[in-house]
Amino acid sequence: MTNVARARVALGLAAFAAPKLTVKAMTSVGGTDPGRDYVARMFAAREIALGAGYLLSDGPGRRLWARAGLLVDSLDTISGLRTRRGLPLWVTAGATAIAGGAAAVGAAKVARDILR
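A closer look at the overall build of the protein chain
The number of helices and strands found in the protein chain is five helices and zero strands. Each helix and strand of the protein chain, ordered N terminal to C terminal, gives the series α-α-α-α-α. Taking 116 residues into account, the globule formula puts the C-alpha radius of gyration at 13 Å, and the protein chain, at 15 Å, falls close to it. With the principal axes as the frame, the protein chain shows a C-alpha extent of 50 × 30 × 20 Å. Burial analysis of the protein chain (116 residues in total) assigns 30% to the buried set. Considering only contacts within the protein chain whose residues lie at least 6 apart along the sequence, 63% involve residues at least 24 apart. With 16 positive and 7 negative side-chain charges, the protein chain shows a separation of 4 Å between the mean positions of the two kinds.

Below, the structure is given as structure tokens:
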């Protein structure tokens with residue numbers, strides 16, 4: 001889970017610093033679009049907050065951040081599957097696999113915390 005949190009921070013920082021490049025890498029859509037860049041930076045801020053929150057907390061706080069990450073990753077997975085018809089297959093498959101993988105790691109962490 002710590003590696004997922006670190007990846008969140010790294011991805012968030014990259015997306016915040018270069019939203020156009022991040023969107024192009026994730027969707028193959030280029031060009032200038034201030035609205036799209038704004039949404040990419042909102043995504044970046046969310047990822048930075050979730051990752052940093054987990055890394056900077058411990059005990060009950062860390063368990064709460066893990067649950068928040070699980071919720072976000074689960075919703076991202078559902079959103080990816082719902083937009084399948086509007087995006088190229090490789091975009092949907094890649095984004096959904098990343099979100100689904102993070103949700104699986106998060107679910108394992110949350111389950112382990114509950115069973116303790």
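Here's the deal with the UniProt feature "signal peptide" (unreviewed entry) in the protein chain
The sites that UniProt annotates as "signal peptide" (unreviewed entry) are residues 1-17. Strand forms 0% of residues 1-17 and helix 94%; the C-alpha atoms that close the span are 24 Å apart.

Points about the packing of aromatic side chains
In the structure shown here, the tally under the stated rule is zero aromatic pairs. Its guanidinium or amino end placed over the ring of F16, R41 lies 5.7 Å from that ring's centre, counting from NZ or CZ. Cation over ring: R62 sits above Y54, and NZ or CZ is 4.3 Å from the ring centre.

A closer look at the UniProt feature "transmembrane region" (unreviewed entry) in the protein chain
UniProt records the feature "transmembrane region" (unreviewed entry) for residues 89-111 in the present numbering. Helix makes up 100% of residues 89-111 and strand makes up 0%, while its end C-alpha atoms are separated by 31 Å.

Definitions and cut-offs
Residues numbered from 1 in each chain as written. Predicted model: local features only at pLDDT ≥ 70, side-chain atom pairs only at ≥ 80, totals over all residues. Heavy atoms only, no water. Helix = DSSP H or I, 4+ residues; strand = E, 2+ residues; numbered from the N terminus. Rg over C-alpha atoms; globule rule 2.2 N^0.38 Å. Buried < 20%, exposed > 50% of the residue type's maximum accessible area, 1.4 Å probe, protein only. Contact = heavy atoms within 4.5 Å. Lys, Arg positive; Asp, Glu negative; His and termini not counted. Charge placed at Lys NZ, Arg CZ, Asp CG, Glu CD. UniProt positions renumbered as here; feature names shortened; annotations may be inferred. Phe/Tyr/Trp six-rings, centres within 6.5 Å; stacked < 30°, edge-to-face > 60°. Lys NZ or Arg CZ within 6 Å of the ring centre and 35° of its normal.

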